[in-house]
Amino acid sequence: MPSPAGHEPQTFDPSAPNESRMHDYLLGGKDNYAADRQAALQAIELAPELPVLAREGRKFLDRVVRFLAAAGIRQFLDIGTGLPTQGSVHQIAQAVAPDCRVVYVDNDPVVRVHAQALLGGDARTTVVEADMRDAEGIAHHPNLRRLIDLDQPTALLFFHVLYTIPDDEEAARSVRRLGELMAPGSHIAISHPVSDLCPEVTARLAFLYQQETHAIRGTPRSNVRTRAEVEKLFSGWDLIEPGVVYLPLWRPEHETIESSRPIWSVGGVGRKP
């Protein structure tokens, strides 16, 4: 699928660090290369809590997807899914309701190949290679249309991906355009690193990721967004309690936080009126 005007499609280059593969390494995965591991280790030197943050992100994903499936949502659109791992959206949702249908979207061709291999013959789950800024291209893709009826409520998921669009207006526009295509009663979930708690650490990490990886799309910024700036991405959606909070605080269950260091990622869920 062509990328939006002015945006080149991502290509596979194992010699250059890739944010999805670095995240895979932080989670203890094996789908990464030497360049990814080296860059991830540099990031861990700056912020030793990064592996814990990655795991807290997966816990948030798990709680959110189970919450949405239990609330009756049967269609899930996971934007910027990254490399598939155990506890993926379709596994969690279908454990609650086997008739859930899931479409993964990512612009990384490696992600598409891995996701297709993971999905195998699952008729209720598919993958679309597309850029999250191309709302119309995603919505009209035949793989999506085969599984998802956009006239019915859908969960629109942006787990730890919107920070790769540094420009606030462009990130908000990507969320807004996809949200406009969703039916009333749809839900949105966003998780996002923020700079409020450790601004010096996140500024150094922002510089590292922008210099070392192909994930950051657009003009670099000096730091990641603040919690208040992430809240603005929910414009037009009714926030569900407890709102946009640090990940361990979003409807916690019996998990324990693995680190005494700050968890500087937030998340929230909204409903389309």
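Now for a look at the structure at hand. (Residues numbered from 1 in each chain as written. Predicted model: local features only at pLDDT ≥ 70, side-chain atom pairs only at ≥ 80, totals over all residues. Heavy atoms only, no water.)

1. Section: the nonpolar core
Of all hydrophobic cores here, the largest spans 33 residues; its most connected members are Leu77, Ile79 and Phe158. Going through the elements one at a time, strand E1 (75-79), strand E2 (101-106), helix H6 (135-139), helix H7 (142-147), strand E4 (155-159), helix H8 (168-180) and strand E5 (187-193) are the ones with two or more residues in this core. In this view, Phe158 contacts Ile79, Val175, Leu178, Ile188, Ala189, Ile190 and Ser191; residues no more than four positions away in its chain are not counted. Within the second largest apolar cluster, 27 residues are counted, among which are Val65, Leu119, Ala155 and Trp250. (Core = buried A, V, L, I, M, F, W, Y, C linked by side-chain atoms within 4.5 Å. Buried < 20%, exposed > 50% of the residue type's maximum accessible area, 1.4 Å probe, protein only. Helix = DSSP H or I, 4+ residues; strand = E, 2+ residues; numbered from the N terminus. Contact = heavy atoms within 4.5 Å.)

2. With respect to helix H5 (residues 109-119)
A turn of α-helix holds 3.6 residues, and therefore any two residues three or four places apart point the same way. Residues of H5 that are buried: Pro109, Val110, Val111, Ala115 and Leu119. Structurally, H5 contributes buried residues whose contacts are with helix H1 (19-26), helix H4 (89-96), E2 and strand E3 (125-129). Residue Gly120 follows H5 closely and has a positive phi angle near 55°.

3. What about the pairing of E5?
For E5, the tally of buried residues reaches 7 of 7 residues, placing the bulk of the element in the interior. Because side chains alternate across E5, one face comprises the buried residues His187, Ala189, Ser191 and Pro193, and the other comprises Ile188, Ile190 and His192, equally buried. This β-α-β element, E4 to H8 to E5, shows right-handed connectivity. With 7 bridges connecting them, E5 and strand E8 (residues 265-271) associate as antiparallel partners. The partner of Ser191 across the bridge, within E8, is Gly267. (Right-handed = clockwise from strand over helix to strand, strands pointing away. Pairing = 2+ DSSP bridges.)

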